[in-house]
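Spelled out from the first residue to the last, the chains are:
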Amino acid sequence: MCGIIGAIAKNNVVPVLLQGLQRLEYRGYDSAGLATIDNNKLQRIRSIGRVADLARQSSTACGYIGIAHTRWATHGEPSERNAHPHLSGNLIAVVHNGIIENYEELRMQLTTQGFLFTSDTDSEVIAHLIHSHYSRGNSLLAATQTAIGQLTGAYAIGVMAADNSNQIICARKGSPLLLGLGTDGHYIASDLSALLPITNNILYLQDGDVAEVSLSGYQIFDANGNTVERAVNICKLHSSKAELGEYRHYMQKEIHEQPQALINTLEGVCNSQALVPGIFGADAARIFPQIEKILILACGTSHHAGMVARYWLEEIAGISCTVEIASEYRYRVSVPDPGSLVLTISQSGETADTLAALNHAKDLGHTHTLSICNVPESALTRLSGLHFLTHAGPEIGVASTKAFTTQLAALFILTLILAKQRGGLDSKEEYNYLHALRHLPTAVDSVLKLAPDIARIAERFSDKRHALFLGRGLHYPIALEGALKLKEISYIHAEAYPAGELKHGPLALVDKEMPVIAVAPNDTLLAKLKSNLQEVRARGGELYVFADAGTRFHSGDGLHLIQMPEHAGYLSPILHTIALQLLAYYVALQKGTDVDKPRNLAKSVTVE
Ligand code: G6P
């Protein structure tokens, strides 16, 4: 989704802006642009292509102050005229993330005042609105404050005025924005990764904040216009963590980072001899015993993590659990249950629907909230009473991999802690589960060693247009996740079904052109799954079976076997999902798609 970087510095800021945009590319975008002020003149360069194209066009651009943007189209097609920054009268330049809901009404008013619109975007109204207040003698800060008071919707904005090369004004509501405090300058960005090579001193603006940023300092005002202090965080992430290194794609790198990501996420648990609720927050020990049910809200891959957790929570902890897609929950009339723990799961912590669903749950009277998130200081963690940070590190590939498996690890720990509190876990079981968690990174490593075998199998998918994934029980959500990965990055149409549903519809699609991928753990449902797979073979369907040790599948006669190294019991979904990530990755390589930035998709979906 859209990304912002802005800078005011002692040196030409164009290289910093371009580097920042490159680091924001992973979020997904379709056009990019930048504006600087040089000799009281706004210079703007925009490009419909990649940031690299913008960089080529910007070789002579210069300025000690500038704002830049990657755009992911919402209002108006991807085109140069719709790319940001938007200008008003060559005086005001604005970059904007989010959606202005009342833009049509504002556009009409501003057109009547004589402002000329040159794009189809909602964002352009912001530039003209600020211009209209600025030209009445207000400071740039006051003009921006008045303008945002007229906006309905979500925004993170960066604003400059051609006749004021000493200040960037920025503001946020509903979309993230942060300040970076460097030795040679001050910066604004929508995402930490844009600033990592420049500074580790980060200040997160809060909802409603407006900031005045200059070379010598900054001042922050809250929604009421009062001066406020916000804490400066020393960020521990290093930019090298986000480099590609020996890998061809970020997704490949992130798949292979999973053993370490799991070690980092499980650190606090595996180093202790017992499971304690405190890892979910100081209040968890008090709140968890009051919980009667769990309501999980999430989107995309994070929703699949929630679906796996439901099996664990009901079976191991004996606690009733509902899992709902956040965008459905937020608009449906539901029956609130204040005894429920509302559990949101999100890699980014900024997915608009997940944030809105959590706010909706709170409005309905739910008071117990927990988030599992990969980004510290994200909007989601701040909105939740309790939170657990997965330590997957920055995830750049749009298709989520290591964030998903670390979410599963966190959800398994939650399950065990709730089971223990409810008397459903004796000390021997606790010891065994902790042992299994400690072994998990090694088991994941063994799955990664299957990469060459999976790459060979993937060659058979290069001419396929459809694929069907089957799983049962705990592994049905893994089949869903496998299908999602394949469609996201290879553009092959893929569906997933619980294997028992095969004969209620999808069997009609099965013929020799339809590869059927089966997740076959060595669990109690194995015999049932085998019968379902017979139904596929009987119709000439080609089977690709990811089977655990001891499942007695044999390659040959329309069955391609990928032998998984072991059966990991309740943790088996984590191993199987990694094998399916590899399958999707190698199929995408066959297809020659843009693995890290699949068409039309975005990493963080910060708009509805
Ligand atoms: C986008 C991403 C997915 C992700 C989903 C939810 O669609 O492309 O990979 O699963 O958003 O994101 P979240 O950050 O809330 O986990």
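Treat the numbers as computed from the prediction; the structure is a model and nothing was measured.

Reading the values: rules and limits
Residues numbered from 1 in each chain as written. Predicted model: local features only at pLDDT ≥ 70, side-chain atom pairs only at ≥ 80, totals over all residues. Heavy atoms only, no water. Helix = DSSP H or I, 4+ residues; strand = E, 2+ residues; numbered from the N terminus. Near = heavy atom within 4 Å. Polar contact = N/O pair within 3.5 Å; in protein donor to acceptor, adjacent residues only side chain to side chain. Areas by Shrake-Rupley, 256 points an atom, 1.4 Å probe, with all protein chains shown as cover. Nonpolar A, V, L, I, M, F, W, Y, C, P; charged D, E, K, R; others polar. Salt bridge = Lys/Arg side-chain N within 4 Å of Asp/Glu carboxyl O. Buried < 20%, exposed > 50% of the residue type's maximum accessible area, 1.4 Å probe, protein only.

A. Just unusual backbone geometry, in detail. Cis geometry marks the peptide bond from His84 to Pro85; its omega dihedral reads 0°. Mapping Pro85 onto the fold places it in the loop between β4 (65–71) and β5 (86–88). The backbone of Asn40 sits at a positive phi, close to 60°, despite the residue not being glycine. With respect to the secondary-structure elements, Asn40 resides in the loop between β2 (31–38) and β3 (41–47).

B. Highlighting the site of the ligand. If you check the shell around the ligand, you find 13 residues, and the closest are Ser302, Ser346, Gln347, Ser348 and Thr351. With respect to the ligand, the side chain of Ser346 contributes an N or O atom lying 2.6 Å from an oxygen atom. At 3.1 Å, a backbone N or O of Val398 approaches an oxygen atom of the ligand. Here the ligand, which alone exposes 390 Å², has 90% of that area covered by the protein. It is helix α9 (residues 300–315) that contributes the most residues to the shell around the ligand, 3 residues altogether. Along the lines of polarity and charge, the residues of the shell around the ligand split into 4 nonpolar, 8 polar and 1 charged.

C. Representation of the pattern of salt bridges in the model. Tallied over the full model, the rule gives 21 salt bridges. Arg172 is paired through a salt bridge with Asp207; the nearest N and O atoms lie 2.7 Å apart. Of this pair, Arg172 sits in strand β8 (residues 164–173) while Asp207 sits in the loop between β11 (201–204) and β12 (210–213), placing them 35 residues apart in sequence. The exposure class of Asp207 is partly exposed, given its relative accessible area of 47%. Lys420 is the partner of Glu430 in a salt bridge, and the nearest nitrogen-oxygen pair spans 2.9 Å.

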